[in-house]
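# Structure at a glance
The primary structure of each chain is shown beneath.
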Amino acid sequence: MGFWVHGQQQGMDAQAWGEMFFARRRAILREGATRRFPKEPHPFSGAADGLRARLAALPQARAQELFKEALYSWLLFHSSGEWHSLAQAWGFGMGETLALLGQPTPEQVKVWATYPRPGGATLLPFSLPLLERLGLLFGLNALLLWGLRDPRSRAAWLRTTNARLDGSSPLDLLLGGEIEGVRRVLEAARAGMDDGGERR
């Protein structure tokens, strides 16, 4: 389908498998009777309050690998020159997406858009605070997808002033650069979904 992938589902037509992802189909994952490759829980899984400690406990090589994988979801350039980001489903353009990631320089973006990437370069230098920020963003994305299934509703929620954020909009805090702002937006989203999500 013209996209770079890291694997295919065994025993399934690759085109049909890809189309399910592009259609953003929901799925139920069931663990099989055996696990050939037992894995530890992903560090992003679990309470947001413990995320920083879970990431700090990772071996450096694993933290850097996770960092690179996480960046792909928030800004990926295809060989065609087109770009993809989970933030596009929030109604974000390129400028807002770059601000969400801490304003990488034009040179960093140019390297990230190059195929193949020289020396395994990443868009931004590795840092634990940015890795924590990416983990919080994944948590926020999951909450919005679950509670606000219409992309227009997600975009509207992000741009609307919120009493739980002292009258600021989630967008203001997400693009403000402070990790605590991202954490507050995540907490506001969780509280909103707990109160009824789409029914509100």
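For clarity, every value in this text was computed on a predicted model and none was experimentally measured.

Before going further, it helps to examine the environment of alanine 191. Relative to the helices and strands, alanine 191 is located in helix α9 (residues 179-194). Between the C-alpha atom of alanine 191 and that of arginine 164, which follows or precedes it by 27 residues, the distance is 8.8 Å.

With that settled, consider the packing of helix α3 (residues 60-74) against helix α6 (residues 128-147). Two numbers describe how α3 lies on α6: the axes approach to 10 Å, and their chain directions differ by 45°. Considering the angle they form, α3 stands oblique to α6. Between α3 and α6 lies a crossing of left-handed hand. Touching Ala63, Leu66, Phe67, Ala70, Leu71, Ser73 and Trp74 of α3 are Leu130, Leu131, Leu134, Leu137, Phe138 and Asn141, all from α6.

Once that is clear, we can look at the side chain of serine 85. Here serine 85 shows up in the loop between β2 (83-84) and α4 (94-100). On the basis of relative accessible area, serine 85 is assigned to the buried category, the value being 1%. With residues near it in sequence (within four places) discarded, serine 85 still touches Ser73, Trp74, Leu75 and Thr97.

One side chain can pair with another of opposite charge once the charged atoms of both are near each other. A full pass over the atoms with the stated rule returns eight salt bridges. Residue glutamate 132 is joined to arginine 52 by a salt bridge in which the shortest nitrogen-to-oxygen separation is 2.9 Å. Here glutamate 132, found in helix α6, pairs with arginine 52, found in helix α2 (residues 51-56); they are 80 residues apart in sequence, far enough to count as distant. The class of glutamate 132 is buried, set by a relative accessible area of 4%. With a shortest N-O distance of 3.3 Å, arginine 152 and aspartate 150 are connected by a salt bridge. Exposure remark for arginine 152: the relative accessible area of 66% places this residue in the exposed category. Residue class for aspartate 150 comes out partly exposed when judged on its relative accessible area of 25%.

Glancing now at the nonpolar core. One broad trend across soluble globular proteins is that nonpolar side chains are buried collectively. Among the nonpolar cores identified, the biggest contains 46 residues, and Trp74, Trp90 and Leu174 are the most heavily contacted of them. Listing elements by their share of this core, those giving two or more residues are α2, α3, α4, α5 (106-112), α6, α7 (151-159), α8 (170-174) and α9. Top element by residues in this core is α6. It accounts for eight residues. If near-sequence neighbours (up to four positions away) are discounted, leucine 174 is found in contact with Trp90, Leu100, Arg133, Leu137, Leu140, Leu158, Val182 and Val185.

Criteria and thresholds
- Residues numbered from 1 in each chain as written.
- Predicted model: local features only at pLDDT ≥ 70, side-chain atom pairs only at ≥ 80, totals over all residues.
- Heavy atoms only, no water.
- Helix = DSSP H or I, 4+ residues; strand = E, 2+ residues; numbered from the N terminus.
- Axes fitted to C-alpha atoms, helices over the stretch in contact; angles between N-to-C directions.
- Parallel < 35°, antiparallel > 145°, perpendicular 65-115°, else oblique.
- Left-handed = near helix turned anticlockwise from the far one by under 90°.
- Contact = heavy atoms within 4.5 Å.
- Buried < 20%, exposed > 50% of the residue type's maximum accessible area, 1.4 Å probe, protein only.
- Salt bridge = Lys/Arg side-chain N within 4 Å of Asp/Glu carboxyl O.
- Core = buried A, V, L, I, M, F, W, Y, C linked by side-chain atoms within 4.5 Å.

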